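# A closer look at the structure
Spelled out from the first residue to the last, the chains are:
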Amino acid sequence: MEKGYFPEIQMPSRSIENIYYSPELRQYILGEKKVRRNARNIRHIRPFTQLVWAAYFAYELTLQRKTSTLRDVYYSAQAYEMSFKDQPESNSIITDLETVIGFSREDFNIFPEERSAVFGDLTIEYTVPGYEGKRLNLTSHPDGVMIGPALTSAEFVKTSADKVIAIEKGGLFTRFIEERVHERFNAILVLTAGQAPRATRHFIHRLNKELELPVYIFTDGDPWGMHIAMVIISGSANAAHLRELTTPDAKWSGVWATDIVNYKLPTDPLTEVDIKRLYELQRDPRYKNELWQREIKTFLKIRRKAEQEAFSRYGLTYIVDEYLPAKLEESS
C-alpha cells in the first residue's frame, strides 16, 4: 500500500464448476478459473486478512518446527484476535492457503487427529526434532503404530514386505495382526479407520511410490466402503488442488457385491440412502471401469450389503485362511 496499490491474492477457483476429472492423472484437478481477493474490496477484506494470518501462522509453525491441528488453528486464532465465526470457516481458509501455495497443510505442520495405524516389517528413521536419526521397526507395537506427524515425515529405511494391505476396520486390522498376516502374506498392514485421513493417504502413496509396493484395499461391502477405496485410489473433489495424496494403481479387493453372493455372506438390506449413493457413484467418472460398474450393478440387483466381519460366520480365521489369499490372487 506504501507503493500506491492495494495488495491482492490470486488463486485457482475451488468452485464445483472449476473441478474436473483428469484421465491422465486419474484424479480430480482444478481448472483454469481464478479468484482474487483484493484489500480494496470491502467484501474481500475479511477473508483476505484471515488468509494472511493463516500464512503467518503456518510460517511460525514451520519456523519453530511445531505442529498443530485444524481445531488448534481455530482456537489459536483467538490468541491473535483473529475472528473466525466457527471452525468450518477457519478450515476453509487453511484450504485456501493450500490452494495459493500448492502444498498440503501437512507440509506446513497442520495435521489431522491421529486415528489410523500401520503394522509390518518396515524400519523408519525419524526426522522430527529430538528424535532425528532414531529408528523404529513398525512391528514393535502389537496394536500398530499411529500414523501421526512424526511417522508421516520419517524416512523409509528398509522393508522385507512386497505389498501393502489397507483395511477399513480396526477389528479386522487387529485380527490380521493376531493371525500374522504381515508374515504369511509379506505385507505392511494399514488401518484406514473409515475414510482414510489425508496423512494416511499420503503415507500409502509413499509406500507405493518410494518402495514400489502394490496396494490392496479391503473395505465393507457397501457404497461407502467402495468410496473409501476410491478416495485412496483417485482422491476427492475437495482435494483437487493437491497432488501426492492418491495411489492410482491401488486395487479395491473387497468386499465386493459379488463376494456377498459367492460367499453367501450374512447381509443387511441397502437403505434408500445407500441406493441413492450407488446411483451417484454409477455416474461418477472415477467408477467407469468394468469392475466398479459390475459391482455397482450387483449391489443394485441384490439390494444387500455386508460388513467385513461377516466372514466370521465361517470361523474367526476364515477371512485370513481362505478369503484373503483368494482375493489377493484375483487382484494381482
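The text that follows walks through the structure, step by step, so that each part is easy to find. (Residues numbered from 1 in each chain as written. Predicted model: local features only at pLDDT ≥ 70, side-chain atom pairs only at ≥ 80, totals over all residues. Heavy atoms only, no water.)

Turning next to the packing of aromatic side chains. Using the criterion set out here, one finds 19 aromatic pairs in the structure. Consider the rings of Trp252 and Trp292, whose centres lie 4.9 Å apart with planes at 10°: the pair is stacked. Here the residue Trp252 occupies a position in strand β15 (residues 251-254), and Trp292 occupies one in helix α11 (residues 290-302), the gap between them amounting to 40 residues. Each of the two residues, Trp252 as well as Trp292, counts as buried. A centroid spacing of 4.9 Å and a plane angle of 40° characterise the contact between Tyr314 and Tyr318, whose relative ring orientation is tilted. Exposure remark for Tyr314: the relative accessible area of 35% places this residue in the partly exposed category. Above the ring of Phe156, the side-chain terminus of Arg206 is found at 4.1 Å from the ring centroid. Lying across the ring of Trp256, Lys327 places its NZ or CZ 3.2 Å from the centre. (Phe/Tyr/Trp six-rings, centres within 6.5 Å; stacked < 30°, edge-to-face > 60°. Helix = DSSP H or I, 4+ residues; strand = E, 2+ residues; numbered from the N terminus. Buried < 20%, exposed > 50% of the residue type's maximum accessible area, 1.4 Å probe, protein only. Lys NZ or Arg CZ within 6 Å of the ring centre and 35° of its normal.)

What follows deals with the side chain of Arg286. Relative to the helices and strands, Arg286 is located in the loop between α10 (272-283) and α11. Residue Arg286 is classed as buried on the basis of its relative accessible area, which comes to 9%. Polar side-chain contacts of Arg286 include one of 2.7 Å to the side chain of Asp284. Filtering out sequence-adjacent residues up to four positions away, Arg286 remains in contact with Tyr21, Tyr28, His227, Met230, Ser234, Gly235, Ser236 and Trp292. (Polar contact = N/O pair within 3.5 Å; in protein donor to acceptor, adjacent residues only side chain to side chain. Contact = heavy atoms within 4.5 Å.)

Okay, the nonpolar core next. In this structure, Val118, Ile165, Phe176, Ile188, Leu189 and Met226 are the most contacted members of the largest nonpolar core, which totals 67 residues. Setting aside anything within four residues of it in sequence, one finds Val118 in contact with Leu138, Gly144, Val145, Ile147, Leu151, Phe173, Ile188, Leu189, Val190 and Phe203. Judged by nonpolar contacts, the second largest core, of 21 residues, contains Leu51, Leu61, Phe84 and Ile94. (Core = buried A, V, L, I, M, F, W, Y, C linked by side-chain atoms within 4.5 Å.)

What is shown is where atoms sit, not what they do.
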